[in-house]
Amino acid sequence: MSRIVFFCIPAHGHTNPTLEVVRELVSRGHEVLYYSYRMFQEKIEAAGAVFVACDEFDAERHLTPREGTRIGSDLALSTRVLVDTTLALDEMVCAGMTRLRPDCIVADSMAVWGKAVAMKLGIPFVCSTTTFAFNQYSAKIMKRSVKELFSMVFSMSAVNRQIKRLQERGYPVKSILDIIASDDRTDTIVYTSPQFQPCAETFSGKYAFVGPSIRPAAGKVEKARDKLVYISMGTVNNDLLPLYRSCIDALKDTPWQVILSVGQQVDIAGFGPLPEGITVYPSVDQIAVLEQADAFVSHCGMNSTSESLYFGVPLVMLPRTTEQGGVAARVEALGAGIHLKSATPQAIREAVRKVLEEPAYRENAARIAEGFRSCPGAKGAADKIESCCKG
């Protein structure tokens, strides 16, 4: 059997899809080590991997609260954090891989240190892509505003300074595209279907579109009314009290059951008495809720979107980053949701009503779900990794 090492960034959306793959590899008798962060240790160990902590090397924990809200939308800042973390990890990772000599390294597309050490030491490498695969064709869905384009242009000198820091330490990185763009020569796992991936036909045979990695629900959710509307803005930038109030105002006095998950940064007591039929929680078992839901008001992160569509649940989408906007554009193009430009109570209420009452939205979501379920899933991802292991 093989020794396989995973690397990931400290993000739920990038870690969660890999856990079923880890579980599958372990069940086949492989030894799996997973370099990650203590907030994910319990999940990783539950999947059967040996956890290796990287917390002390994480540059993101040194950001100010203001900087933290800009991660994902500020290219220069995001690149700086990525480079800081890569260089901090350099000595530890190289020493570890020299000692372990794994048969394969699997690294998140943003964990560039994983690919770099694999190249340095001649270890087979697999890229794990939890967003859409990105090339010149699929990039067209990532529509940017004039403001965003100007921001990117003015940030490029700062980005290039960060890339030079990597080059000075021996990393084979020529530009920011080497970090964010997909490489047709690299074996790559993408956690979506060919039908949902934009321009899937433009990617090489090195790509395995395995479908979303969906864990089993941890429990059951009681459906108290005929229609259940679920609201969540994800696990990162979710300190959004005005938006949550707008959702409550939009959906009060409706015949629908509403479950609102607000994260740990919002004081639920601040909502005061809630309208009948609306419940608010710091967190929920999202899979269990989506198994019962009829509509999902979402920030449109790739994981949340995939989970929603896997259960045939159409979306009302309020993306907050360019990447989420690209996912929302794809969902809307396939007729499985409504991309809102305004978060007023009236706009939210009307969009929810449409996806609940117009059958086409659920029918289109069901078609995407069928494509997801026809993918090989965690077994297909494990097959891809096994095929790349040396020996």
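Use the structure listed above.
Here the structure is a predicted model, which is why all the values come from computation and not from measurement.

Thresholds, definitions, all that
- Residues numbered from 1 in each chain as written.
- Predicted model: local features only at pLDDT ≥ 70, side-chain atom pairs only at ≥ 80, totals over all residues.
- Heavy atoms only, no water.
- Pairing = 2+ DSSP bridges.
- Helix = DSSP H or I, 4+ residues; strand = E, 2+ residues; numbered from the N terminus.
- Axes fitted to C-alpha atoms, helices over the stretch in contact; angles between N-to-C directions.
- Contact = heavy atoms within 4.5 Å.
- Buried < 20%, exposed > 50% of the residue type's maximum accessible area, 1.4 Å probe, protein only.
- Salt bridge = Lys/Arg side-chain N within 4 Å of Asp/Glu carboxyl O.

> Is there a simple way to think about the sheet that holds strand β3 (residues 50–53) in this case?
The pairing of strands in a sheet comes from backbone hydrogen bonds and takes either a parallel or an antiparallel form. Overall, parallel pairing links the seven strands, which are arranged β3-β2-β1-β4-β5-β6-β7 in an open sheet. Strands with a single pairing partner mark the edges of an open sheet, and in this sheet they are β3 and β7 (207–209). Within this sheet the neighbouring strands show an average axis-to-axis angle of 20 degrees, counted without direction. Running over the sheet, helix α5 (residues 112–121) touches β1 (3–7), β4 (104–108) and β5 (125–129) and is turned about 155 degrees from β4. Across the face of the sheet, helix α14 (residues 377–388) comes into contact with β1, β4, β5, β6 (188–190) and β7 while running at roughly 175 degrees to β6.

> I would appreciate a short explanation of the environment of Ala217 in the present structure.
By secondary structure assignment, the location of Ala217 is in the loop between β7 and β8 (228–232). Owing to a relative accessible area of 27%, Ala217 belongs among the partly exposed residues under this scheme. Separated by 71 residues in the primary sequence, Ala217 and Ala288 place their C-alpha atoms 5.0 Å from one another. Not counting residues within four places of it along the chain, the set of residues in contact with Ala217 comprises Asp285, Ile287, Ala288 and Glu291.

> Just to check I follow, could you spell out the pattern of salt bridges for this structure?
Oppositely charged side chains can pair when the atoms bearing their charge come close. Enumeration according to the criterion identifies 18 salt bridges in this entry. Between Arg215 and Asp285 there is a salt bridge, with the nearest N and O atoms lying 2.7 Å from each other. Of this pair, Arg215 sits in the loop between β7 and β8 while Asp285 sits in the loop between β10 (278–281) and α9 (286–290), and the two are 70 residues apart along the sequence. Residues Arg225 and Glu276 are paired through a salt bridge, measuring 4.0 Å at the closest nitrogen-oxygen approach. Taken as a pair, Arg225 in the loop between β7 and β8 and Glu276 in the loop between β9 (257–261) and β10 lie far apart in primary sequence, 51 residues in all. Taken together, the shared-partner salt bridges connect Glu24, Arg28, Lys379, Asp383 and Glu386 into one network.

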